[in-house]
Amino acid sequence: MKALILVGGFGTRLRPLTLSYPKPIVEFANKPSIIHQIEALVKVGVNEVILAVNYQPELMSACMTEYENKLGIKITYSRETEPLGTAGPLALAGHLLRDGEPFFVLNSDVICPFPFADFLKFHKSHGAEGTILVTEVAEPSKYGVVVADDNGKIERFVEKPQVYVGNKINAGIYIFNPSILDRIEIKPTSIEKEIFPAMASQGQLYAMTLEGFWMDIGQPKDFILGTKLYTSYLDEKNPSLLLKGEGITGPVLVDPSAVIGKNCVIGPHVTIGKGVVIGDGVRIKSSVLLDGCKIGDNSCIDSTIVGWQSHLGKWCRTQNTTVIGQNVKVKDEVFINGAKILPHKDIGESIYTDIIVM
């Protein structure tokens with residue numbers, strides 16, 4: 001089987017992190033975010049993944065080679081010379097996908113339990129051309145709602161409904177038969193607005209409801225929330241992967257190479273990457289510490305993403321979805337309240353508002 005992952009463009013929503021690396025290889029829970037998807041695809045029998053890319057394919061390829069060998073999967077690249085939307089990339093990679101078998105399509109920003117075995121079984125059971133994974137949301141008026149009958153056959157799509165019609169939205173994960181490729185040309189096309197309504201009108205599109213958490217981690221606040229959901233999921237399903245011990249409160253995922261000082265309180269919902277060094281008396285919660293960063297003694301890190309090789313001094317405080325890019329130096333006793341700091345900056349004074357530091 002094959003899968004196409006829509007890697008997409010410049011990752012502007014996740015800047016400043018994506019100024020250093022393409023979004024799919026920014027580490028989520030201590031591995032490139034796209035690897036969570038690829039590992040789940042391998043488990044269900046996918047043996048080739050096609051990455052639809054149009055930004056920094058060389059960096060993507062360098063990162064993927066390691067996992068290609070480790071996971072025993074073939075990774076192919078389909079490069080767009082112009083943005084093709086969410087359907088055009090299928091047509092561009094069509095020659096790779098027409099092998100007679102159903103194929104998966106994923107948005108690379110999505111994180112969830114990836115129930116691909118059940119998803120594939122459901123798709124084969126109804127015999128239609130496509131299946132969408134849908135997830136339930138509390139406020140459907142913010143989204144496009146998928147309306148389906150009791151068997152999952154999609155009847156219509158309602159964009160940001162003002163009257164309640166349902167609470168299930170497109171989760172950005174699909175299975176299609178190769179015949180869908182006959183519907184799409186190599187040009188900018190929206191699969192959600194142009195292809196799906198036509199399929200639904202012909203009774204060729206079904207929906208399966210996702211059980212468990214779901215998040216689009218394409219922007220900082222959702223990346224942090226996704227970390228909370230994912231670490232909570234690990235706490236329930238695979239707690240042996242999490243750090244336990246004195247000073248650890250709630251689910252915390254730590255790379256074995258990280259060094260944590262004395263009298264720290266860490267958690268809940270924290271991930272700590274390779275080579276991270278944390279000083280004494282540090283408090284960290286709801287945050288992501290990427291590889292090689294250092295946190296000085298007695299600092300407090302809350303709702304923050306600290307970029308690769310960045311150094312925070314002693315007695316610093318960060319909060320309110322602060323994002324610190326790669327190789328940033330923050331001096332002692334600095335307070336940062338929601339700022340986005342571009343790579344390679346030196347920060348010597350406190351920042352009290354959610355500005356972009358260029």
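Predicted model only: the values in this text are computed from it and were never measured. (Residues numbered from 1 in each chain as written. Predicted model: local features only at pLDDT ≥ 70, side-chain atom pairs only at ≥ 80, totals over all residues. Heavy atoms only, no water.)

(A) Layout of the nonpolar core. Judged by nonpolar contacts, the single largest core of 58 residues is most densely connected at L51, F104 and F116. Apart from the residues lying within four places of it in its own chain, the contact partners of F104 are M1, K2, A3, L4, L41, V44, V46, F116, F119, L120, Y174 and I175. The next biggest cluster of nonpolar side chains, apart from the first, holds 29 residues, and it includes V254, V276, I295 and A339. (Core = buried A, V, L, I, M, F, W, Y, C linked by side-chain atoms within 4.5 Å. Buried < 20%, exposed > 50% of the residue type's maximum accessible area, 1.4 Å probe, protein only. Contact = heavy atoms within 4.5 Å.)

(B) The pattern of salt bridges, seen in detail. Applying the stated criterion across every chain yields a total of 11 salt bridges. When the shortest N-O distance is used, the salt bridge between R13 and D216 registers 3.4 Å. With a gap of 203 residues between them, R13 in the loop between β1 (2-8) and β2 (27-28) and D216 in strand β13 (residues 215-216) connect regions that are remote in the sequence. Its salt-bridge partner being R98, residue D182 comes within 3.0 Å of it at the nearest N-O pair. Linking D182 in the loop between β11 (168-176) and α6 (191-201) with R98 in the loop between α4 (94-97) and β6 (103-107), this pair joins segments that are 84 residues apart in sequence. Relative accessible area serves as the criterion here: at 61%, D182 is assigned to the exposed category. The exposure class of R98 is partly exposed, given its relative accessible area of 46%. What you see here is one network of salt bridges that share partners, running through R13, K23, D109 and D216. (Salt bridge = Lys/Arg side-chain N within 4 Å of Asp/Glu carboxyl O. Helix = DSSP H or I, 4+ residues; strand = E, 2+ residues; numbered from the N terminus.)

(C) Layout of the sheet that holds strand β29 (residues 340-341). Taken in spatial order, the 7 strands line up as β14-β17-β20-β23-β26-β29-β31 in an open sheet, and their pairing is parallel. Across the chains shown, the open sheet's two edge strands, defined by having one partner strand only, are β14 (252-254) and β31 (356-357). Against the sheet, helix α7 (residues 220-237) makes contact with β14, β17 (270-272), β20 (287-289), β23 (304-306), β26 (322-324) and β29, and its axis sits at roughly 95° relative to β23, the strand it touches most. (Pairing = 2+ DSSP bridges. Axes fitted to C-alpha atoms, helices over the stretch in contact; angles between N-to-C directions.)

(D) Representation of the side chain of Q319. Its location among the elements puts Q319 in strand β25 (residues 317-319). Among the polar contacts listed, one links the side chain of Q319 to the side chain of N337, at a separation of 3.2 Å. In this structure Q319 touches D302, S303, T304, F335, I336, N337 and G338, once residues within four positions along its chain are discounted. (Polar contact = N/O pair within 3.5 Å; in protein donor to acceptor, adjacent residues only side chain to side chain.)

(E) A look at the layout of surface pockets. For the second largest pocket, the calculated volume is near 920 Å³. Residue lining of the second largest pocket: 37 residues in total, with A29, N30, K31, H36 and E39 positioned closest to the centre. If you list the elements that add at least two residues to the lining of the second largest pocket, you get β3 (31-32), α1 (33-43), α2 (57-71), α5 (116-126), α7 and β14. It is α2 that contributes the most residues to the lining of the second largest pocket, 6 residues altogether. Its residues assigned to classes, the lining of the second largest pocket shows 24 nonpolar, 4 polar and 9 charged. (1 Å grid on protein atoms, 1.4 Å probe; cavity = no way out; pocket = protein on both sides within 12 Å on 5 of 7 lines; lining within 4 Å. Points joined across faces, edges and corners; volume = space filled by probe spheres on them. Nonpolar A, V, L, I, M, F, W, Y, C, P; charged D, E, K, R; others polar.)

(F) Up close: the environment of V146. Within the secondary structure, V146 sits in strand β9 (residues 144-148). Here V146 falls in the buried class, since its relative accessible area comes to 7%. Linking V146 and K331, residues 185 residues apart in sequence, is a C-alpha distance of 50 Å. If we skip the residues at most four places from it in the chain, V146 touches V134, I154, R156, F157, K168, I169, N170 and A207.

(G) Region of interest: the pairing of β9. Pairing between β9 and strand β10 (residues 154-159): 5 bridges, direction antiparallel. When the sheet's bridge partners are listed, A148 is paired in β10 with I154. Taken together, β9 and the strand that follows it, β10, pair antiparallel across an intervening segment of 5 residues, in which G152 is found at a positive phi of about 95°.

(H) Seen up close, unusual backbone geometry. The step from R15 to P16 runs through a cis peptide bond, and the omega angle for that step is 10°. Mapped onto the elements of the fold, P16 is located in the loop between β1 and β2. Omega for the peptide link from G267 to P268 comes to 0°, which places this bond in the cis form. For P268, the position within the fold is in the loop between β16 (265-266) and β17. The phi torsion at N320 lies on the positive side, around 60°, for a residue other than glycine. Along the polypeptide, N320 turns up in the loop between β25 and β26. N320 sits in the partly exposed class, given a relative accessible area of 46%.

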